[in-house]
Amino acid sequence: MRKTMLFIKPLNNPKWTLQFFCSFLLLILLTACDSREDIQQVSYNNRVDPTVTEQPAKQEAIYKFAMVKGSAEDTKAQQAFIRYLSRSSGYSFKLVSLANNTRSVEQLGNDDVQFALLSTISLIPAMAEYGVQPIAKVAPPLHQGDVQALFIVPLNSPLTKLADIKGQSLALGDKNSLSSALIPLVTLASKNILLKELGQLSYTGSNKHCVNSVLDNTADVCAVSAAFAKPYIESNQVRVIAASSYYPSNSVASNLYVEEETQKSVLQALLQLTLVHKHLSLTNSVIPDQFLPINAKDYTPLSDAFIRLKLNELGQ
């Protein structure tokens, strides 16, 4: 009790009281100064950028779509098609113009582009070498522009059907040709006709040499492009004993890195293109007006035949 009274007693003196409060105030100010170093100064006149508090947006993927470069009008139509594809599929696409289909295949395989409009002649090697996957095929009216192989013989030939080819000599065109090599070989296999059952198989190097081989009787049968054989048929120089299935002239394909969900969205957009083709001013343009679904398995025999031919070349 006495100690307390000794502490309070100096406060009754005005001088001591003033010194006490001055010291106390100074202590508070010193403490505040030490803590201000850790406090961020905020100006109430500046608003906080709302994007700072938002989650960072996921970077949007842009898919590159390759097409063979053409005229200025071709490019204009292709760009209109790409804009439609972006709006309809919900993905962003960018047009890439390349010099030829061979370049498109390389770009697809290297993932420099993710989609391309390929000719079937380029699609088959792309499937075999890079695992490229066809999504949709162009649907020309009445097979116009489709690829087909015909087995032709001289007018005086006794052969009337494909089964008669057993034991006979067959001429083909170039080894890497779709219509005068790959498709004929696949057609024979589909009819259970083995190559060893042929009397002879030869590659002439071109459609013209193939046709000439039956005209000069150095081969019994020639397998050639239907388009190339047409004038010879119409002029009654040769006749047809068999025809292959039709294969579309062009197809939309993606590389193996594209997600299945994206492929399905692109397919749906392609199937609906016919509904807006005219409104997009694509009539009479390089952009097909109709696409149909494609089954990659239908092309597996052609791809396998291409691989076998390549392996045979390596073995020679």
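On a predicted model such as this, the values are computed, not experimentally measured, just so you know. Along each chain, numbering runs from 1 in the same order as the chain's sequence is written. For this predicted model, a pLDDT threshold of at least 70 governs which residues receive local features, and a threshold of 80 or more governs which side-chain atom pairs are given and counted, while totals over whole chains, interfaces and linings are taken from all residues. Working from all heavy atoms in the structure, the side-chain values ignore hydrogens and water.

A.B. asks: Any chance you could explain the nonpolar core here in plain terms?
C.D. replies: Soluble globular proteins: nonpolar side chains tend toward being buried together. Buried Ala, Val, Leu, Ile, Met, Phe, Trp, Tyr and Cys residues form a nonpolar core when they are joined through side-chain atoms within 4.5 Å. Classification of residues uses two cut-offs on accessible area relative to the type maximum, computed with a 1.4 Å probe and protein chains only: under 20% is buried, over 50% is exposed, and between them is partly exposed. Grouped together as the largest cluster of nonpolar side chains are 42 residues, with contacts concentrated most on Phe151, Leu170 and Leu302. Secondary structure follows DSSP: runs of H or I at least 4 residues long count as helices, runs of E at least 2 residues long count as strands, and numbering of each begins at the N terminus. With 6 residues, the single largest contributor to this core is helix H6 (residues 178–190). By the convention used here, residues are in contact when the closest approach between their heavy atoms is within 4.5 Å. Those residues within four positions of leucine 302 in sequence are excluded, and the remaining contacts are Ile124, Leu178, Leu182, Ile183, Val186 and Tyr247. In terms of nonpolar packing, the next biggest core, distinct from the first, is built from 25 residues, Met67, Phe93, Val258 and Leu270 among them.

A.B. asks: I would appreciate a short explanation of the sheet that holds strand S11 (residues 291–293) in the present structure.
C.D. replies: Sheet strands line up and pair through hydrogen bonds in the backbone, either parallel or antiparallel. For two strands to pair, DSSP has to find at least two bridges joining them. Strand order in the open sheet formed by 6 strands is S2-S1-S3-S10-S4-S11, with mixed pairing between adjacent strands. Every interior strand has two partners, whereas the edge strands, strand S2 (92–98) and S11, have only one. Across this sheet, the average inter-strand angle for adjacent strands is 30°, counted without regard to direction. Where strand S4 (residues 133–138) and strand S10 (residues 250–254) come together, 4 bridges link them in antiparallel fashion. Its bridge partner being in S10, alanine 136 is matched across the sheet by valine 252. Interaxial angles span 0 to 180 degrees and are taken between N-to-C directions of axes, which are lines fitted to C-alpha atoms, for helices over the stretch in contact. Along the sheet face, helix H5 (residues 120–130) touches strand S3 (115–119), S4 and S10 and points at about 120° away from the line of S3.

A.B. asks: I keep staring at the confidence of the model for the chain and nothing clicks. Help me out?
C.D. replies: Each residue carries a pLDDT value, the predictor's own confidence for that position, ranging from 0 to 100. Of all residues in the chain, 79% have pLDDT values of 70 or greater, and the mean over the chain is 82. When the criterion is pLDDT under 50, residues 1–11 qualifies, and its contacts beyond four places in sequence or with other chains add up to 4 contacts. Confidence over residues 35–59 falls short of pLDDT 50; this stretch has 1 contact with residues more than four positions distant or in other chains.

A.B. asks: Is there a simple way to think about the pairing of strand S6 (residues 169–172) in this case?
C.D. replies: In summary, the side chains of a regular strand alternate between the two faces of the sheet. Covered by surrounding structure in S6 are Ser169 and Ala171 together with Leu170 and Leu172, the residues of both alternating faces. Where S6 meets strand S7 (residues 200–203), 4 bridges bridge the pair, whose relative direction is parallel. What sits directly across from serine 169, in S7, is glutamine 200. In this structure, S6 lies alongside strand S8 (residues 221–225), joined through 2 bridges in parallel fashion. Bridging across to S8, alanine 171 finds its partner in cysteine 222.

A.B. asks: Is there a simple way to explain the pattern of salt bridges in this structure?
C.D. replies: Opposite charge on two side chains allows them to pair when their charged atoms are near. When a carboxyl oxygen of Asp or Glu is within 4 Å of a side-chain nitrogen of Lys or Arg, the pair counts as a salt bridge. Evaluated as defined, the whole model comprises 4 salt bridges. The partner of lysine 161 in a salt bridge is aspartate 164, and the shortest N-O contact between them spans 3.2 Å. Taking relative accessible area as the criterion, aspartate 164 reaches 22% and is therefore assigned partly exposed.

A.B. asks: Whenever I open this one, the side chain of serine 119 confuses me. Can you help?
C.D. replies: Positionally, serine 119 belongs in strand S3. A relative accessible area of 15% means that serine 119 is categorised as buried. Those residues within four positions of serine 119 in sequence are excluded, and the remaining contacts are Asn101, Ser249 and Asn250.

A.B. asks: Could you clarify how one ought to interpret the environment of threonine 283 in this entry?
C.D. replies: Locating threonine 283 in the fold gives a position in the loop between helix H10 (273–276) and S11. On the basis of relative accessible area, threonine 283 is assigned to the partly exposed category, the value being 46%. Look past the residues within four positions of threonine 283 in its chain and what remains in contact with it is His277 and Lys278.

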